[in-house]
Amino acid sequence: MAFVSFLIPCFVIGTDTAFSCQNTDDFVGASSPGDIVIGGLFAVHSEMLHPEEYPIKPVIQNCAGFEIQIFLQTLAMIHAIETINNSTLLSGVTLGYEIYDTCAEVTKAMASALRFLAKFNSSEDVVEFKCNYSDYVPRIKAVTGASYSEVSMAVSRLLALQLIPQVSPASSAEILSDKIRFPSFFRTIPSDFHQTRAMAHLICESGWNWIGVIATDDDNGRFALESFGVQAMANNVCIAFKEMLPAYLSDNSFHTKVDHAVEKIVKETRVNVIVVFMRQFHVLKLFKKAIERNVNKIWIASDNWSAAVKISTIPNIRQLGTIVGFGFKSRDISTFQDFLRNLHEKPTDNNKFLREYIMLLSVCAHLEYHDFQMCISNQSQDDLLQSVENKHQIWRDGFLNANIESGFIHSTTLAVYAIAHAIKGQCKDRNCKDPSAFTPWELLEELKKVTVIDDGKEIKFDSNGDMSTSYDVLLWKEIDGHMEITTMAEYDPEKGHFIFEDEEKKKEFLDLKKVQSTCSQHCRPGQMKKVTESPHTCCYECVYCPENHYSNQTDMDYCYRCNNKTYWAPVNSTTCYRKTIHFLAWTDWFAIFLLLLSAFGVVLVLSISVIFTKNLNTPVVKASGGLTVCYIILFSHFLIFLSTVFFIDEPTEFKCKTRQALFGISFALCISCILIKSLKILLAFSFDPKLQNFLKCMYKPIPTVVTCTGIQVIICTFWLIFRTPFVKQNFSIPRAIILECNEGSIVAFGIMLSYIAALAFICFIFAFKGRKLPENYNEAKFITFGMLIYFIAWIVFIPVYATTFGKYLPAVEIIVVLISNYGILCCTFLPKCYIIIYKQETNTKSAFLKMIYTYSSKSAGSVAVSQVSLDSKSSSSRATISESCKSEKNSVNGNCHFQVPGQTLRKGKVLPKNTARTVARKRLSSI
């Protein structure tokens, strides 16, 4: 390049005054007359030279930096107009053109726009000031351009004064869709909204979320950056840094800003994706510096430079990494390519751009391809030769075709055809050879309705003045040592997704994911993102999902909560697991043990029933209340044992309702029968007349049993009707669901148990009263012991039941039921079974009579002595009684010392033997 810099001055042999603006006609870059003239604004040069003298004067300066791609757009406009003129589209009407070079400067573009506004056929290009421009006829009817959005914004505001239609093939800033501020602006490309959304989709689908952005510090760059920021945020993509480069290469800080941007890229090692919204000459400078620093990244190219051949031919461009860009959809441009092949035959008198290009070919002819291209770009109009002889000798065939950016060529052609179709609509009933046949604002209204056939598809401007054409997703690939720009996919702006031609193209797209560009490592399933102190949401820590939460995708912002009622999840879980349903199953070892105890109890009941049935007529059985009472008691014990079955296995509505009612009624029946027995025995052996009278009133066997049991039946019935037990799912254990019976009403459950306890307490009192009865009849002390076992079991049950949870909760009640049932059963029947089996000699009528006789003699003597003691208060025969007691002290009813309420008697009187026998018979018969 140093050699090139040295060579260039050698070709400069004078000053090119031909390019200087001496008058208004010199200001036109290319022109052709016609019935209807269309204006063109293109940045054929990349910068305008600034005067060095002081003070600065308002003089339009020459430009530098010839842009081949935009020069080709001017040729595309010329080619389209010539094609239309040679067709029947506008029969009898020819289109002319005036194309101006904006030099990428708003100032120069505004000067061109002022000439557009000048009155038609005005010799001095005067712009008339009017309050109403409805009938005003300017030099041109419509404008094609400009190349850059910043220029289009300024020009469009000026053209809006006369509502002159402006159709741009390249200005994509989103703000230009605002029809309030830019009412006459149209474009044949989508707005940056679709481009930035497409970029954000590409970045998101590739798994990148930590990127850098570099843009030019002008309206186009700022608006693009703002639009992309919104789209990035919507796709959870964070921008690590933003670098703004000066819009003009002549800015003194430009190279410093480029160096700073490259340093930032190098420093941010986690940023491997850079989005670039810049003009081609900015990108050229940036990439050269990046190649020097060995930067290797993925570069996302905007439509401005995504198909730039002069950038793709930079030496060592492949070292920069992968370049993916978005370009405007292209169509068949073969006719334009043919036009370029014959371009050297075209006259240059009215085309300064072509004349300058030919001069550049001469100046740079000796250089190789890339140096040749750079030589053209680096020349200024002041440096060029005034003339070049034999231009055919220096013409480079294929150079222009090689530099075509087909997307821009197509959009330029489309813009010209859109204007032509609008003119056709206006010329249906008018003589358009007359320039005043219609005004620009009428053409503007027609343009809104225009439909253009493009590659067999009808397209038209939407309400924002945009044409919703699709994007080509371009991939720069090295093929045979050269960087080729290939089409990888198509992006549909309306549907918002990528379309692949074949699987190979799709694989190229998916291969982009191999590059990581994230602030933090991806969070695996089972983890979630925890935002750190960084202001960016993409910078986070990965933490495990807590218990009962899960995540099943990567990079989840939060973990989903499991349904705590039916599912659970451990820490760091990727899914929820269904909770295990727990209940006291038949197969549980403890349930089997309890069932065996219940079964043994049933066997015991049946065994006692058999023993009592076989010994039906023995005194022990008769003394137990007879077979009927025994059967009822044994049957109630059987039902109690049976009720334990309903506490085991999966709870159902039937089981929940049956188990407590069956147990409660059976226990009430059992206790009420034992109560009758206690009353009967106490009545038979009571010698206290007052107690006997009370017991006789109380002793109503059938009514008592029916009443006592009936009350329990009523309690259970009300319970089942109003607050019935039901199956409940207990979720207190994190990983299990416990199926259990909810009693419906703890109060009802307590009343049922309290009623049984009340019956047991009454029974206990009566049994305690009869604890000194004859040995063979002394059930009272065993009943007392049985009731004590019952009380102890159920008193312990209350706190244990209240503090126990889980599937073994029913087992607690089963144990208490079995303990209390076994206690009463064993205390009631086992002593009698023992007598029946092992002491058969005492289970005879004579043995019982003898025992009763002995007990009765003692009891009768005690009562007689009590009476004598009462009579002794009114007699003096105390000594005689004392003697009698002494003489008979060895008899069956010998001396007894006992207390009678209110009296004291030391010696008793001997009763006749026949009195004791009579009492014994009465007691036996009553029992």
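Reading guide: rules and limits
Residues numbered from 1 in each chain as written. Predicted model: local features only at pLDDT ≥ 70, side-chain atom pairs only at ≥ 80, totals over all residues. Heavy atoms only, no water. Helix = DSSP H or I, 4+ residues; strand = E, 2+ residues; numbered from the N terminus. Expected span 1.5 Å × (residues − 1). Buried < 20%, exposed > 50% of the residue type's maximum accessible area, 1.4 Å probe, protein only. Arc of directions from axis to C-beta. Core = buried A, V, L, I, M, F, W, Y, C linked by side-chain atoms within 4.5 Å. Contact = heavy atoms within 4.5 Å. Axes fitted to C-alpha atoms, helices over the stretch in contact; angles between N-to-C directions. Parallel < 35°, antiparallel > 145°, perpendicular 65-115°, else oblique. Pairing = 2+ DSSP bridges. Nonpolar A, V, L, I, M, F, W, Y, C, P; charged D, E, K, R; others polar.

Caption draft 1: Structural view of helix α23 (residues 701-722). Between its first and last C-alpha, α23 extends 32 Å over 22 residues, near the 32 Å set by a 1.5 Å rise per residue. Listed in full, the buried residues belonging to α23 are Thr 704, Val 705, Cys 708, Thr 709, Gln 712, Ile 715, Cys 716 and Trp 719. Looking straight down α23, one finds that the buried residues subtend no more than 110° of arc, so they occupy a single side. Exposed residues lying more than 90 degrees from the buried face of α23 are Ile 702, Val 706, Ile 721 and Phe 722.

Caption draft 2: Local environment of the nonpolar core. Counting residues in each nonpolar core, the largest one holds 109 residues, and the members touching the most others are Leu 75, Phe 287, Trp 299, Trp 305, Phe 336, Tyr 357 and Leu 400. Tallying contributions element by element places helix α2 (residues 68-85) first for this core, with eleven residues. Apart from the residues lying within four places of it in its own chain, the contact partners of Trp 305 are Val 276, Met 278, Gln 280, Val 283, Phe 287, Trp 299, Ile 300, Ile 311, Ile 323 and Trp 476. The next biggest cluster of nonpolar side chains, apart from the first, holds 70 residues, and it includes Ala 591, Ile 676, Trp 719 and Phe 829.

Caption draft 3: Looking closely at the packing of α23 against helix α24 (residues 746-769). In the contact formed by α23 and α24, the axes pass within 9 Å of each other and the chain directions differ by 170°. Judged by the angle between their axes, α23 and α24 are roughly antiparallel. Contacts from Thr 707, Cys 708, Thr 709, Ile 711, Gln 712, Ile 715, Cys 716 and Trp 719 of α23 reach α24 at Ala 748, Phe 749, Ile 751, Met 752, Tyr 755, Ile 756 and Leu 759.

Caption draft 4: Geometry of the side chain of Asn 220. Assignment of secondary structure puts Asn 220 in helix α6 (residues 219-234). Its relative accessible area of 11% is what places Asn 220 among the buried residues. Once you skip the residues sitting within four places of it in the chain, Asn 220 turns out to touch Ser 149, Glu 150, Ala 173, Asp 192 and Asn 304.

Caption draft 5: Just the sheet that holds strand β8 (residues 185-187), in detail. On the basis of which strands lie adjacent, the open sheet formed by six strands has the order β1-β5-β2-β6-β7-β8 and mixed pairing. The sheet is open, and its two edges are formed by β1 (30-32) and β8, each paired on a single side. On average, each strand axis in the sheet is inclined to that of its neighbour by 20°, with strand direction left out of account. Inspection of the sheet shows β1 paired to strand β5 (residues 95-101) by three bridges, in the antiparallel sense. Bridge pairing in β5 places Ser 32 opposite Tyr 97.

Caption draft 6: Representation of unusual backbone geometry in the model. Here the bond from Gly 145 into Ala 146 is cis, since omega is 5°, no more than 30 degrees from zero. Position of Ala 146 relative to the elements: it lies in the loop between β6 (142-145) and α4 (149-159). The residue Asn 294 is not glycine, and still its phi comes out positive at about 55°. Mapped onto the secondary structure, Asn 294 falls in the loop between α8 (280-292) and β12 (297-301).

Caption draft 7: Structural view of the packing of α4 against α6. Two elements in contact, α4 and α6, have axes separated by 7 Å at closest approach and are oriented at 110°. For the element pair α4 / α6, the angle class is roughly perpendicular. Together, Ser 149, Glu 150 and Met 153 of α4 and Asp 219, Asn 220 and Phe 223 of α6 make up the contact between the two elements. Taken together, the residues of the contact of α4 with α6 break down into two nonpolar, two polar and two charged.

Caption draft 8: View of the pairing of strand β11 (residues 273-277). Counting buried positions along β11 yields five of five residues, so the element is predominantly enclosed. Residues of β11 alternate between two faces, with Val 273, Val 275 and Phe 277 on one and Ile 274 and Val 276 on the opposite face, all of them buried. By the bridge criterion, four bridges tie strand β9 (residues 210-216) to β11 in an arrangement that is parallel. Bridge pairing in β11 places Gly 212 opposite Ile 274. Across four bridges, the pairing between β11 and β12 is parallel. Bridging from a neighbouring strand, Ile 274 pairs with Trp 299 of β12.

By themselves, these are just geometric observations and shouldn't be taken as functional.
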